[in-house]
Amino acid sequence: SPGAPAVLPPMAFRRACGPQLTNSPTVIVMVGLPARGKTYISKKLTRYLNWVGVPTKVFNVGEYRREAVRHYSSYDFFRPDNEEAMKVRKQCALAALRDVKSYLSEEGGQIAVFDATNTTRERREMVVNFAKENGFKVFFIESVCNDPNVVATNIMEVKLSSPDYRDCNSNDALEDFMKRIHCYKSSYQPLDPDNYDRDLSLIKVIDVGRQFLVNRVQDHIQSRIVYYLMNIHVQPRTIYLCRHGESESNLAGRIGGDFGLSSRGKKFAVALKKFVEEQNLQDLKVWTSQLRRTIQTAEALQLPYEQWKVLNEIDAGICEEMTYDEIKETYPEEFVLRDQDKYYYRYPSGESYQDLVQRLEPVIMELERQENVLVISHQATMRCLLAYFLDKSADEMPYLKCPLHTVLKLTPVAYGCRVESISLNVEAVNTHRERSEETKKGPNPLMRRNSITPFASPEPTKKLRINGCEEHAASSAAGLSSCLSEEVPITSPLSVQNMSVSRNSLDSSGTTMQPVD
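Residues numbered from 1 in each chain as written. Predicted model: local features only at pLDDT ≥ 70, side-chain atom pairs only at ≥ 80, totals over all residues. Heavy atoms only, no water.

Engineer: Got a minute to help me understand the pairing of strand β12 (residues 416-423) in this structure?
Structural biologist: Examined bridge by bridge, strand β11 (residues 406-413) and β12 share eight bridges and lie antiparallel to one another. Note that in β12 the partner of L408 across the bridge is S421. (Pairing = 2+ DSSP bridges. Helix = DSSP H or I, 4+ residues; strand = E, 2+ residues; numbered from the N terminus.)

Engineer: Can you help me understand the sheet that holds strand β5 (residues 202-206) in this one?
Structural biologist: Either a parallel or an antiparallel arrangement is found when strands of a sheet pair, and the pairing is made through backbone hydrogen bonds. On the basis of which strands lie adjacent, the open sheet formed by six strands has the order β2-β3-β1-β4-β5-β6 and mixed pairing. In this open sheet, the two strands that pair with only one neighbour each are β2 (56-60) and β6 (211-215). In this sheet, adjacent strand axes meet at a mean angle of 15° when their direction is disregarded. One ladder, built from five bridges, connects strand β4 (residues 137-144) with β5; its direction is parallel. What sits directly across from I141, in β5, is I203. Across the sheet, helix α3 (residues 61-68) touches β2 and β3 (111-115), and the angle it forms with β2 is around 45°. Along the sheet face, helix α8 (residues 220-229) touches β1 (26-31), β3, β4, β5 and β6 and points at about 15° away from the line of β4. (Axes fitted to C-alpha atoms, helices over the stretch in contact; angles between N-to-C directions. Contact = heavy atoms within 4.5 Å.)

Engineer: Please explain α8 as it appears in this structure.
Structural biologist: In an α-helix, one full turn covers 3.6 residues, which means residues spaced three or four apart are oriented alike. Most of α8 sits out of view: seven of its ten residues are buried. The set of residues buried in α8 consists of I221, Q222, R224, I225, V226, Y228 and L229. The backbone nitrogen of I221 lies 3.3 Å from a side-chain oxygen of the residue at the head of α8, namely D219. (Buried < 20%, exposed > 50% of the residue type's maximum accessible area, 1.4 Å probe, protein only. Polar contact = N/O pair within 3.5 Å; in protein donor to acceptor, adjacent residues only side chain to side chain.)

Engineer: Is there a simple way to explain the nonpolar core in this structure?
Structural biologist: Proteins that are soluble and globular tend to have nonpolar side chains buried together. The biggest cluster of nonpolar side chains holds 54 residues, and the ones touching the most others in it are W51, I141, I225, V363 and L367. Among all residues touching I141, those that are not within four sequence positions of it are I28, V29, M30, V31, I41, L45, I203, V205, I225 and L229. The next biggest cluster of nonpolar side chains, apart from the first, holds 27 residues, and it includes A112, F114, V127 and F130. (Core = buried A, V, L, I, M, F, W, Y, C linked by side-chain atoms within 4.5 Å.)

Engineer: What is the right way to read the side chain of T56 from this model?
Structural biologist: Position of T56 relative to the elements: it lies in strand β2. Given a relative accessible area of 6%, T56 falls into the buried group. Setting aside residues no more than four positions away along its own chain, T56 makes contact with T46, L49, N50, Y103, I111 and V113.

Engineer: How should the confidence of the model for the chain be read in this particular structure?
Structural biologist: Any residue range with low pLDDT should be treated as having predicted coordinates unsuitable for detailed reading. Taken as a whole, the chain shows an average pLDDT of 85; of its residues, 80% reach a score of 70 or greater. This stretch, residues 1-20, has a pLDDT under 50; its non-local contacts, to residues over four places away or in other chains, come to 14 contacts. Contacts from residues 448-517, a stretch scored under 50 in pLDDT, to residues over four places away or in other chains number 146 contacts. (pLDDT = per-residue confidence, 0-100.)

Engineer: Looking at this structure, I do not really get the packing of α3 against helix α4 (residues 83-106). What am I missing?
Structural biologist: Any two packed helices are characterised by how steeply their axes cross, that is the angle between the axes, and by the distance between the axes. At a minimum axis separation of 9 Å, α3 and α4 run at an interaxial angle of 120°. Comparing their axes, α4 and α3 come out oblique. In terms of crossing hand, the pair formed by α3 and α4 is right-handed. Every residue of α4 that contacts α3 at V61, Y64, R65 and A68 is listed here: V88, C92, A93, A95, A96 and D99. (Parallel < 35°, antiparallel > 145°, perpendicular 65-115°, else oblique. Left-handed = near helix turned anticlockwise from the far one by under 90°.)

Here it is, written out as structure tokens:
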């Protein structure tokens, strides 16, 4: 009617006002000169976000440029006065942004990482305008490094093996790349959170984590990204993952419980001590769960160790201490449902692999902060940790092979992690269950869309672990986290009481736990 305010169509409203939803998709925009670790950060951050359940993908503009220009000649392509090349580079950036839009709008993506130098305000404003038009949030990550040794190391380890220098000797490639950096330096406009960029959401990572500058964090996921970036480092280190020695429950084919080691499990503990000594590691940290079988394995090392409650095995709820045949006979529907979707399936009164990932996030954060660490845990928890380091999907995670009496040696490299499997030659039962043939064929008609156990429902009788009250509280907390949106998972709180440092180990209630033979 006349005089009534004009009603903007939804897209026009979003263009005028910017993103209105708390969970709007986010475009992470990398900023920085070449060889400053932008792609390293992009890939590592993407691996973490996908692991915690936030669909994320990297869009590397350099790859678009290599598709457009098949044969790289020299640094002349990157000179700011090379107008023809500048047009090509802009077209590559626009092509990447079109794919970003498709990923976030049509393919179910939640975060897109726009990996490019983005060293000028003009280029960054183009990305910001693109995000506003599509209702996306923007978060900038600028990597600043003034340490020539770090830059030189990055060039030698990563850049000289780039497809750009496939047929070039190292000296010529190094000289060309240094000139390429100089081309960017002449037009580089760093982010300025105190003045020009004061309204932008951003983090500046200075000298590979020596210092950080954070400005206008908008939401939970951005704060989570900041927290993660403040924990990672690039120092050489080795992470060792293994399970406890074979337990009495392994011999009986029973899941869960809190049983001690078998005779072969004790032999493995002795063999593990010898293996650790041969590695000759300085300041090795040893972490275990709070269950008896990992504690007994660690005691044999005769080293200080820390207990983490969050490293306990997956809680099988009403199926604790049962064999798979007993589960199939007693709870046939549950048996089929778990085989159907092992990652999301939650044992009644217990946990799912999805719950485990949320529970183990503090361990990942602390592993990223540390140097040499040996983690002695359990099959399901080890699978979750391994999936993070090897960038495995939720579908692959529950079927990763983590045999007893085998150590996995993980060595972080440029854009990933190298894994070495080392058997300590002590026989043990095989506890690995392959994906069922029925699951391989496709969806099963028996489907429970939501595996959350309602809070109000009466809980079946549950077998207890170390301290029943604590385990029940942990199970309830897991239920709460999974009731929330999968797109914005909740970080498990890292609290001091989750760890107790000991040789005579204490559980979180203060009770002394002596290893039982």
